[in-house]
There are 4 protein chains.
Amino acid sequence: MTEKPRPLRADAARNRARVLQVAYETFAEEGAAVPIDEIARRAGVGAGTIYRHFPTKESLFRAIVADRLRQVVERTREQAAVDPGEGLYAFLVHMAEQGATDLGLTEAFAGIGFDLAEALPDVEKEFTGLMADILAQAQRAGTVRSDVDVADIKTLIVGLQAMRRFRGDSELMHRVYPVIRAGLAAPPD
Amino acid sequence: MTEKPRPLRADAARNRARVLQVAYETFAEEGAAVPIDEIARRAGVGAGTIYRHFPTKESLFRAIVADRLRQVVERTREQAAVDPGEGLYAFLVHMAEQGATDLGLTEAFAGIGFDLAEALPDVEKEFTGLMADILAQAQRAGTVRSDVDVADIKTLIVGLQAMRRFRGDSELMHRVYPVIRAGLAAPPD
Amino acid sequence: MTEKPRPLRADAARNRARVLQVAYETFAEEGAAVPIDEIARRAGVGAGTIYRHFPTKESLFRAIVADRLRQVVERTREQAAVDPGEGLYAFLVHMAEQGATDLGLTEAFAGIGFDLAEALPDVEKEFTGLMADILAQAQRAGTVRSDVDVADIKTLIVGLQAMRRFRGDSELMHRVYPVIRAGLAAPPD
Amino acid sequence: MTEKPRPLRADAARNRARVLQVAYETFAEEGAAVPIDEIARRAGVGAGTIYRHFPTKESLFRAIVADRLRQVVERTREQAAVDPGEGLYAFLVHMAEQGATDLGLTEAFAGIGFDLAEALPDVEKEFTGLMADILAQAQRAGTVRSDVDVADIKTLIVGLQAMRRFRGDSELMHRVYPVIRAGLAAPPD
DNA sequence: TATGAATGAGTGTTCATTCAT
DNA sequence: GATGAATGAACACTCATTCAT
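Throughout what follows, the structure given in this document is the object of discussion. (Residues numbered from 1 in each chain as written. Chains lettered and ligands numbered in written order. Predicted model: local features only at pLDDT ≥ 70, side-chain atom pairs only at ≥ 80, totals over all residues. Heavy atoms only, no water.)

1. Here's the deal with the nonpolar core
Formed by 119 residues in total, the largest nonpolar core has its most connected members in Leu 60 and Phe 91 of chain C together with Leu 60 and Phe 91 of chain D. Among the elements that take part in this core, helix α4 (residues 57-82) of chain C stands out by supplying ten residues, more than any other. Setting aside anything within four residues of it in sequence, one finds Phe 91 of chain C in contact with Val 72, Thr 76, Phe 127, Leu 130, Met 131, Ile 134, Ile 153 and Ile 157 of chain C. Residues Leu 135 of chain A together with Ile 50, Ile 134 and Met 163 of chain B belong to the second largest nonpolar core, which totals 117 residues. (Core = buried A, V, L, I, M, F, W, Y, C linked by side-chain atoms within 4.5 Å. Buried < 20%, exposed > 50% of the residue type's maximum accessible area, 1.4 Å probe, protein only. Helix = DSSP H or I, 4+ residues; strand = E, 2+ residues; numbered from the N terminus. Contact = heavy atoms within 4.5 Å.)

2. A word on the arrangement of the chains
The closest approach of any C-alpha atom in chain A to one in chain C is 12 Å; the two make no contact. Spatially, chain B and chain C are disjoint, and the shortest separation between their C-alpha atoms is 36 Å.

3. Comments concerning the protein's contact with DNA strand E
Taken together, 34 residues sit near DNA strand E, with Thr 49 of chain B together with Asn 15, Gly 46, Thr 49 and Arg 52 of chain D positioned nearest. Among the atoms of DNA strand E lying within 4 Å of the protein, the sugar-phosphate backbone contributes 73%. Separating a phosphate oxygen of DNA strand E from a side-chain N or O atom of Lys 57 of chain A is a distance of 2.6 Å. Backbone polar atom of Gly 46 of chain D to a phosphate oxygen of DNA strand E: 2.5 Å apart, as the coordinates give it. At the level of elements, α1 (10-30) and α3 (47-53) of chain B together with α1 (10-30) and α3 (47-53) of chain D are the ones that each hand at least two residues to the surface near DNA strand E. (Near = heavy atom within 4 Å. Polar contact = N/O pair within 3.5 Å; in protein donor to acceptor, adjacent residues only side chain to side chain.)

4. Overview of the interface of chain A and chain B
On the chain B side, the residues contacting the 29 residues of chain A number 29 residues. Here chain A meets chain B over a buried area of about 2200 Å², counting both sides, of which 69% is carbon and sulfur. Considering only the side of chain A, the residues that lose the most area to chain B are Thr 155, Phe 166 and Val 179 of chain A, jointly responsible for 26% of the buried surface there. Run the count over chain A and chain B and you get six salt bridges. Notably, a salt bridge pairs Arg 175 of chain A with Asp 149 of chain B, separated by 3.5 Å at the nearest N-O pair. Of all elements in the fold, only α6 (103-110), α9 (150-166) and α10 (169-185) of chain A reach the threshold of two or more residues within the side of chain A that touches chain B. Element by element, the count of residues in the side of chain A that touches chain B is highest for α9 of chain A, at eleven residues. Its residues placed into classes, the side of chain A that touches chain B shows 18 nonpolar, three polar and eight charged. (Buried area = accessible area lost by both parts, 1.4 Å probe. Salt bridge = Lys/Arg side-chain N within 4 Å of Asp/Glu carboxyl O. Nonpolar A, V, L, I, M, F, W, Y, C, P; charged D, E, K, R; others polar.)

Set out below in structure tokens:
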């Protein structure tokens, strides 16, 4: 029974996209606590314009998180289709990268003041489904030990995102990610 | 150029200790965004009293972090003396635990809006020294692969703290910590 | 120095009438604080269209008040022609009814943030003239005491409108209006 | 189980009283829609000071209304003790006076955006009780017709307050109040 | 010295009005 | 002419910090 969301006027669509982009960058840099006015300033629009497109600050935040996660899901599915044994690792790397540049996403994913499953149930479901698929694939391919489950993977993502923000991407990938990977690949005790 | 910190009167010292304790608990529960008035209320003192001992909210936060880290250092040194091969693992577990119960400390350690080396250079130096010692010990004992360094361990702590806040202590210890440990113990490629 | 109001195009005239009607209903239901956008939404026009016909929100409000008062004047004149002794009472009842359903009109009439004589001098003049006429008629007919004047009647209207909004129409008519009427009919002390 | 409201410090008590007084005057002049900042400005305090004493704008408004109504109740009881037949009329006059100078009180009493019975049940109860008492007294004394009840009196107060704001006190008392009084004194049809 | 009251800049959000499409 | 998007000045309320008591 949702209203057909009639296409936005060209200028409005441009502004909406611009707000999303700037809000993404700003939340990424400053975390979810940045004032809306700061986002408006950076986007070169009035605060009211943001509120025309997103009724609350939280809804703007949600829109960004949903967008990011959808991109990760898509890229991961593509890669997992090509190399099932590597799908999970590719996913971990994507998520670490996202968390690196995106303070807001990390907070959202770690549930700091934001419950993903409650706020974006659809995205959460698709996301969890993806993880279950690629984890099972990797376990069948023998690249991931058999005793880890989806909850463990989620936990590792939270950890990797935190680490990625703490450490440069190149260093994380060359020095710490191999440790995690070795731990995941190791046979259970 | 530091003032000689003349000894506090007994009641003032008691107040200072009480504020530290309550502030620790409160930041741990509520995160760094909790109002100073809430800490004052819980401590049963006026807000002014807190500002007498700590000139800004941030300085109070710093004092707590320093205090916590000193405790971890002490406990870790004791355990490392007993079993050098386990010292580093004991340390990781202590830090994860601290991060678990201490939202404020995690933020501080991960450098979210707070740079430890800049804010508390003395503590940071001692802390890094400890890590170098116990890492070297473990590598000599053969329990940790030879190609990880202190920076890698710091990074893993950031990750573990984030994970510990995301996941219950028992589950983290039984399900994810073994993965990290297996990765650290594995021989380099 | 007023612009000659050149005749509106048919569609524009239709829009203007529609806005007036919807604005009347909306102000009546929601009071003068209702956003212009809400009126536009209900009327199925853009906000800009309202501003084309009425340069400010207040001017729209004025137009409605004028319209309503003209209707009351007309109906009252008709009834007073039939029964001069009852004309004033019919008028009071009409005005109370208007105030009942029309939060905006009541505010306008009572001068809450809106001065009728200043804002709509023409309407005010006609309105006052009507009251003078029907009051004199009623006094000649002996149905209203001789010592009340037009200002008193205006005052009573303000009171009746306030009362009507406070109390249901039926109850006001059966229980309180008779008291007012008895007071007006009573001979002067 | 209410906290014993320990006595305020002298300066705080002075400020609280000042805020109440200024807020009373300001609401009276401007109505309930005045910004809190305006009240703060007039009182010569920061907005935060008002919020220290009254947690919301509405609670400040409530405090004023309660205070005013209690004064009216008290004065009316005194006068009714002296002359039972006049008690109700004295009450009507008091309430009209209050409404005259107090736009906020009128709005509260007429229920414009504020439900007295819900917001201040104690005051409302005492108030209604007073009206029942003095109305019965007056009816026993024969100064008020037997067929009006408390709800009718409330309605008349709403009307009188609206009228009093519309018309000067002296004129209302000399010209319109006698009409109401005659209507109330008249025998039922 | 301790208290907690006062300050005032800052936050999310709304809405009358203007203006590009 | 009509549309509805953009603007930006409010507003209620919060909180780190200062200061009178």
